[in-house]
Amino acid sequence: MKIFTAEQIKKWDEFTIMNEPVSSIQLMERASLAIANWISENCKNHKKLVIFCGNGNNGGDGLATARILYQKGFDIDVFVQNPKGKFSENASVNLRRLRDISGISVKQFKDINSYYFDDKTIIVDALFGTGLSRPLEGEYQKIVDQLNVKKNNKIAIDLPSGLLSDAISETDASIVKADYTLSFQSWKRSFLHPEAGEYTGKVIILDIDLHKEYAQITKTGYQVVDDPLIESVFRPRKDFSHKGSYGKATIIAGSYGKMGAAVLATKSALKTGAGLTFTLAPQCGYDILQTSCPEAMFIKGGEDTIEYFEVDKDTFCGIGPGLGNHPDTKKGFLKFLKNYQFPLVLDADALNMISRDPKNLTLIPEKSIITPHPKEFERLFGKTDNSFARLELAREKSKELQIYMVLKDHHTQIITPQGDVFYNVTGNAGLAKGGSGDVLTGILTALRAQGYSEEHTCILGVWLHGKAADFAAEKYSKESMLPTDVINELGNVFALLNKEVTKNL
């Protein structure tokens, strides 16, 4: 799913109006009906809604939604700044329609202090949409601050008022803290960054049937990884194939006391389907690996730490989990990078060793995949003011070094050397545990070994990791799920994928 800027979304509306038999007021009715249907379906225990409407088209959506929900049996009250003030053309039409309904009262913002919000009242925010380009001020800032004090569930229409669509809002900005955000047609970039998470709550994308041709012909460097993309990338296993059909994966990982990282990466590589899996690890991990991962073959790289990084040319390597920071490991690893010309997956301690000297960045082979979390990224490339700036720096460095970057976050970003960005929306806070990154390294290594392109490896690998984590959280909770639970759910994810991909064949 492509991500568009606020300006592009405005043009998408205009394109739809021009190329379909639909007017702008009818398009607003379509959007409001989608909102009302979602609320009526998902808020059955709540019959009272208070809708706060601005004077623009977002307010028009709120006014139309109020009318539709009232007709569906909800008790509705509406608040506006001034009922006699200046509204947009479409908002004015819906305000007039609302006045014809005696059961809905239209109040002013100043009446909020005397209004009774019981525990079952839902607050709907329809103050500002994507057109906002500066922080709220004056009466609108005051009303948002008052709403945020309320403990009631809050639903934002399109995006929480005060939140910017295409940038990070100022730290002290007044923004509605919603429990749900009902947005139209496509994600907004700000939704996908941690600074916005406390304001959006759960994001629901409502399809309001904007003209599909616009999405096809309009270019953007940003996309959300969705099911159609994954189904186009995934390749079901062929019946007449053998272990040689699915490549060789080599995990280079582990040191004394950190062999668990090597085990996790090896197990996830095996579960992701590599034809042959090798683990290059220190001798101290031999019994552990041979016992816990009997399907993988062991290669000795040292005694308590890895000193020798020697691999076959026909294998694909994932390096980093649990390597440690022993001087001999660092020396052997940097020597390996200087002489190795094939792409790699680099994670964890491999990235930490590279980060100790900026010159080491040039040793990363082109088309490699690196998987830094925010702190590792900072050590590699420097500090940034926010996650938007970090992503733009990642785009710059991916182009410069001609590498693929998996920038770990709540919504992990995949950045290509061409500057394209793919946001992943699977996964959950249960992955915030040591070992989760090791699992991802094994998944990526196995997919690349099977012949997936670098871009498809990143897209499918991150999605698989997150989807398996969602399955694990459902079974064990985010608190109790373990990285091993994520590995064990990979089979269920693949079963689901195979079913979806093959059902239409």
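Residues numbered from 1 in each chain as written. Predicted model: local features only at pLDDT ≥ 70, side-chain atom pairs only at ≥ 80, totals over all residues. Heavy atoms only, no water.

Caption draft 1: Local environment of the sheet that holds strand β13 (residues 344-346). The strand order across the open sheet formed by 10 strands is β8-β17-β16-β15-β14-β13-β12-β9-β10-β11, and the pairing between neighbours is mixed. The outermost strands of the open sheet, each flanked by one partner alone, are β8 (222-225) and β11 (297-300). Relative to strand β16 (residues 413-415), strand β15 (residues 404-407) runs antiparallel, the two sharing three bridges. Bridged to Leu407 within β16 is Gln413. Sheet strands touched by helix α16 (residues 454-476): β8, β14 (369-370), β15, β16 and β17 (421-424). Its angle to β15, the strand with the most contacts, is close to 15 degrees. (Pairing = 2+ DSSP bridges. Helix = DSSP H or I, 4+ residues; strand = E, 2+ residues; numbered from the N terminus. Contact = heavy atoms within 4.5 Å. Axes fitted to C-alpha atoms, helices over the stretch in contact; angles between N-to-C directions.)

Caption draft 2: Focus on the sheet that holds strand β2 (residues 75-80). In spatial order, the strands read β3-β2-β1-β4-β5-β6-β7; together these seven strands make up an open sheet with parallel pairing. Bordering the open sheet on either side are β3 (105-108) and β7 (202-206), each of which pairs with just one other strand. Between one strand axis and the next, the sheet turns through 25 degrees on average, direction left out of account. In the packing of helix α3 (residues 57-71) onto the sheet, contacts are made with β1 (48-53), β2, β4 (121-126), β5 (154-157) and β6 (180-184), and the angle to β1 comes to roughly 160 degrees.

Caption draft 3: Looking closely at the environment of Val22. With respect to the secondary-structure elements, Val22 resides in the loop between α1 (6-19) and α2 (24-42). Counting along the chain gives 125 residues from Val22 to Leu147, while the straight-line C-alpha distance between them is 35 Å. Setting aside chain neighbours within four positions, we find Val22 in contact with Thr16, Ile17, Leu27 and Arg30.

Caption draft 4: Molecular detail of the side chain of Glu376. When you line up the elements, Glu376 lands in helix α13 (residues 374-381). Notably, Glu376 is buried but unbridged: the nearest opposite-charge side chain belongs to Arg379, and the N-O separation is 4.6 Å. Apart from the residues within four sequence positions on either side, Glu376 is in contact with Asp347, Ala348, Leu351, Asn352 and Thr371. (Buried < 20%, exposed > 50% of the residue type's maximum accessible area, 1.4 Å probe, protein only. Lys, Arg positive; Asp, Glu negative; His and termini not counted. Salt bridge = Lys/Arg side-chain N within 4 Å of Asp/Glu carboxyl O.)

Caption draft 5: Local environment of helix α15 (residues 436-449). Taking 1.5 Å of rise per residue, 14 residues should cover 20 Å, and α15 covers 20 Å from first to last C-alpha, within 8% of that figure. All of the buried residues along α15 are Ser436, Asp438, Val439, Leu440, Thr441, Gly442, Ile443, Leu444, Thr445, Ala446, Leu447 and Ala449. Gly451 occupies a position one or two residues after α15 and carries a positive phi of about 105 degrees. (Expected span 1.5 Å × (residues − 1).)

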